Every structure is written in structure tokens, then in C-alpha cells.
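# Fold and geometry: a report
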Amino acid sequence: MSKVELLEEHRIFDGVQYKYRHTSEVLGCPMTFSLFLPNKDRFPEPPLLWWLSGLTCTDDNFTHKAGAQRAAARLGIAMIMPDTSPRGEEIADSKDYDLGQGAGFYLNATEEPWAAHYKMYDYIIEELTSLMRDEFDLNGPEFISGHSMGGHGALVLGLKNPERFQSITAFAPIVNPSQVPWGVKAFENYLGDDKSRWAEWDALELLKQQSGKIVPILIDQGDADPFYKKELEPAKLAEAAKERDYPLTVRMQKGHDHSYYTISTYIEEHLEFHLNESKKDRGIQK
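Position numbers for residues count from 1 along each chain, tracking the sequence in the order it is written. Residue-level local features of this predicted model are given only where pLDDT is at least 70; pairs of side-chain atoms are given and counted only at 80 or more, and the full residue set underlies all totals for whole chains, interfaces and linings. With hydrogens and water set aside, each side-chain value is computed from the structure's full complement of heavy atoms.

### Some remarks on the overall build of the protein
So the rule is basically this: Under the scheme used here, helices are H or I runs from DSSP no shorter than 4 residues and strands are E runs no shorter than 2 residues, and both carry numbers assigned from the N terminus. Here the term buried applies to any residue with accessible area under 20% of the maximum for its type, exposed to any over 50%, and partly exposed to those in between, with areas from a 1.4 Å probe on protein chains only. Every residue pair with non-hydrogen atoms within 4.5 Å of one another is taken to be in contact. Under the convention used here, a 1.4 Å probe and the Shrake-Rupley method define accessible areas, while residue burial counts only the protein chains that appear. For the purpose of charge, His is not counted, nor are the chain termini; Lys and Arg are scored as positive and Asp and Glu as negative. The atoms used to mark charge sites are NZ of Lys, CZ of Arg, CG of Asp and CD of Glu.
Within the protein one finds nine helices and nine strands. Seen through its principal axes, the protein has C-alpha atoms that stretch 50 × 45 × 35 Å. Every one of the 286 residues in the protein was classed for burial, and the buried ones make up 58%. The contacts of the protein with a sequence gap of at least 6 include a subset with a gap of at least 24, amounting to 72%. As presented, the protein carries roughly 12400 Å² of accessible surface, and 47% of it is formed by carbon and sulfur atoms. Positive and negative side-chain charges of the protein, numbering 31 and 45 respectively, have mean locations separated by a distance of 5 Å.

Printed below as a string of C-alpha cells:
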């Protein structure tokens, strides 16, 4: 018996957009995710992009607003869009938009009342990964990308799993959550007051300590983003990468903000970046 329940199916360009529900043992609640699959006759073994969305989002935001399916269909890339947190009446929550449901921060919480359900890292890296492989036979190269809180998630998951993800991209990511209001609030609640434990979930700290396989990174940041200087500060990550000669590119996009208008403008270039890096990794010319 299948572990997933089909909720929606939509033909789009040369592929199909799906929405599924399943019961997560890791999170202890039902979860939804969206999945785009390109034409299986043309691309029988497509690479898989993991997209992680930002604060207040669900798996629908990227699916409905980014316009990524056109390029993914052309390039032959499958895309998995998880939700951003556990959800339900029995799940701990907050009245604040930047904590609780819709704000899982892609980590494993250790503090109450969050620890029982907020295990988004294990959910994505272990449980949802097994579903992708067992239920959908997606066993090819993998890339990871995300926006804002999801950009933080993409950087952290990618840097913590360099043997798995061949490339990382992000839009307006939180690069140093240990030092900015969004991240400090989340870490204090989910991880506790011991700041020595925060570094495990901070992209800047992870990059400084990175060894072994190097994963190329591309970041797009709008200079009209209202959160740019207070919450995001990608220049910090760029400086750390430069000191280590790490392959990271930060592109400042003039006039662009924090919205999906920016994502839809550059998402095709991000997908092309991932595919090209995959070809390089496999010794295939562009």
C-alpha cells in the first residue's frame, strides 16, 4: 500500500504538478508536500531539486508563484517542495508569525514544547527522502534551494550533507541566524540558551568549518529587500567564503525585493546553475 495520498494533479508544460499528503512518524502529524515531475519518457531518471520555503509559507507558495515548472520541464528536473513545519491542533504554536507553525527553521528542536514535533531536519533528510526514493524512484543527483528562512535551510542542509547535494542556491537567505533577530528568536526557543549549540544550524559557522567535498553556492539578494540589512546580510557569508577560497557567488539584484517576483525572475538561472554543476561533477561538458 502506498504511503502517500494524492490530493491534486495538474498537467503543466511538459510535466505534472502533484500535491500529496502522508503521515509523518518523525513529526507526529499529517504533512503535505508538492512534487513536480518532468516528462518521464524524455527524462526517466531526473535529478531532484529540494525547495525550502520561508516564514509563513506552505508547500503551495513556490508551486503557485515561482513559475519554475516551465524551466524544470525543459531541463528535466524534478522538484520536491516540503511544508515549512509540522501542523495541527496538537502541535505547539505561537501567535507570532516567526515562531511555531509555518516557522520550523529546518532544524531539530531540543526544547519544550517544540522538541516533540519540530524535527524538520530529520523529516527532510531522512523521512521525506525515503519517500522520494521508495515511492517515486527519485534516486538521481540532488540539489537544494530556498528562500529567506528556506534559504537558511538550504544552506544548512546542503553544507551539512556535502556528499549528497551537488549544489546549493538561495534567494535572500538568513546566512547568520545566530546573530539576527529572526534566528535568535527561533534558536532561543527551539534550541535553548546555550549558544554553543547554535553553530550547528548556522550557515556562516558551518562554512567556516567546512571540510571534505565542496558544494558550489549561488545566492541572489535584492537591494530593495526590507530585510536585507537587518536579517540577511549575505556579505558576511561572501567574506567568509573569500577567505577560504570557497566557490560562492552572491549576486545583488538592483531594485528587487523579498517577494516571489524576485524568485520568479531568477529561478530559471538557478535551475540551470544546478544542472550545470551536476554535469561538471559527473565530468560532462556543459
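### Points about the packing of aromatic side chains
Just so we agree on the cut-off: Stacked, tilted and edge-to-face are the three classes applied to pairs of Phe, Tyr and Trp rings, where Trp contributes its six-membered ring and a pair requires centres within 6.5 Å; stacked means planes under 30 degrees apart, edge-to-face means over 60, and tilted covers the rest. Two limits define a charge over a ring: the Lys NZ or Arg CZ must be within 6 Å of the ring centre, and within 35 degrees of the ring normal.
Tallying each qualifying case throughout the model produces 12 aromatic pairs. Of the aromatic side chains, those joined through ring pairs into one cluster are Tyr18, Tyr20, Phe33 and Phe136. Sitting over the face of the ring of Tyr121, Lys160 holds its NZ or CZ atom 5.5 Å from the ring centroid.

### Some words on unusual backbone geometry
Phi is mostly negative for residues that are not glycine, and the peptide bonds are mostly trans. Going from Glu112 to Pro113, the amide bond is cis rather than trans, its omega being 5°. Looking at the element boundaries, Pro113 is found in the loop between β5 (78–82) and α3 (120–136). A positive phi is found at Phe105, a non-glycine position, where the angle reads about 60°. With respect to the helices and strands, the residue Phe105 is situated in the loop between β5 and α3. For Phe105, a relative accessible area of 0% puts it in the buried group.

### A short note on the side chain of His270
Where we set the bar: Polar contact is the term for a pair of N or O atoms within 3.5 Å; when the atoms are in protein, one must be able to donate a hydrogen and the other to accept it, and sequence-neighboring residues count only if both atoms are side-chain atoms.
Turning to its location among the elements, His270 is positioned in helix α9 (residues 260–281). For His270, a relative accessible area of 0% gives the class buried. One polar contact links His270 to Thr169, side chain to side chain, over a distance of 3.0 Å. Those residues in contact with His270 that lie beyond four places of it in its chain are Ser145, Thr169, Ala170, Phe171, Leu218, Asp220 and Arg251.

### Regarding the pairing of strand β3 (residues 29–38)
Sheet faces and side chains relate simply in a regular strand, where the side chains alternate between the two faces. Note the threshold: In this analysis, strands are considered paired if DSSP registers two or more bridges between them.
Burial of β3 is extensive: eight of the 10 residues sit out of reach of the surface. Between strand β2 (residues 15–24) and β3, which pair antiparallel one after the other, the connecting turn spans four residues, and Gly28 there sits at a positive phi close to 70°. Sheet analysis places β3 next to β5, joined by four bridges and oriented antiparallel. In the sheet register, Phe33 faces β5, and the bridge partner there is Pro82.

### A closer look at helix α4 (residues 149–160)
The cut-off we apply is this: Multiplying 1.5 Å by the helix residue count minus one yields the expected span of that helix.
With 12 residues, α4 extends 16 Å between its outermost C-alpha atoms, agreeing within 8% with the 16 Å of an ideal straight helix rising 1.5 Å per residue. Counting buried residues in α4 gives 11 out of 12 residues, a clear majority hidden from the surface. Along α4, the residues classified as buried are Met149, Gly150, Gly151, His152, Gly153, Ala154, Leu155, Val156, Leu157, Gly158 and Leu159.

### Quick notes on the pattern of salt bridges
Oppositely charged side chains can pair when the atoms bearing their charge come close. Keep this limit in mind: The term salt bridge refers to a side-chain nitrogen of Lys or Arg lying within 4 Å of a carboxyl oxygen of Asp or Glu.
Evaluated as defined, the whole model comprises 19 salt bridges. Notably, a salt bridge pairs Asp14 with Arg42, separated by 3.0 Å at the nearest N-O pair. Remark: Arg42 occurs in the loop between β3 and β4 (48–52) and Asp14 occurs in the loop between β1 (5–12) and β2; sequence separation between them is 28 residues. Across the pair Lys19 and Asp59 runs a salt bridge, and its minimum N-O distance is 2.8 Å. Of the two residues, Lys19 sits in strand β2 while Asp59 sits in the loop between β4 and α1 (60–65), which places them 40 residues apart along the sequence. Each member of the pair, Lys19 together with Asp59, is buried.

### Things to note about the environment of Lys65
Assignment of secondary structure puts Lys65 in helix α1. In sequence terms Lys65 and Ser264 are 199 residues apart; their C-alpha atoms lie 7.2 Å from each other. With sequence-adjacent residues up to four places away left out, Lys65 is seen in contact with Tyr260 and Ser264.

### Looking at the sheet that holds β4
Note the following rule: Here the axes come from fitting lines to C-alpha atoms, over the contacting stretch only for helices, and the angles between their N-to-C directions go from 0 to 180 degrees.
Strand order across the open sheet formed by nine strands is β1-β2-β3-β5-β4-β6-β7-β8-β9, with mixed pairing between neighbours. With partners counted over all chains shown, the strands left at the sheet margins are β1 and β9 (248–253), one partner each. The mean angle between the axes of side-by-side strands here comes to 15°, regardless of whether they run parallel or antiparallel. The pairing of strand β6 (residues 142–147) with strand β7 (residues 165–171) spans five bridges and is classified as parallel. When the bridges of β7 are listed, Glu142 appears paired with Phe165. Packing of α3 onto the sheet brings it into contact with β2, β3, β4, β5, β6 and β7, and relative to β2 it is tilted by some 125°.

Function cannot be inferred from these measures alone, as they are strictly geometric.
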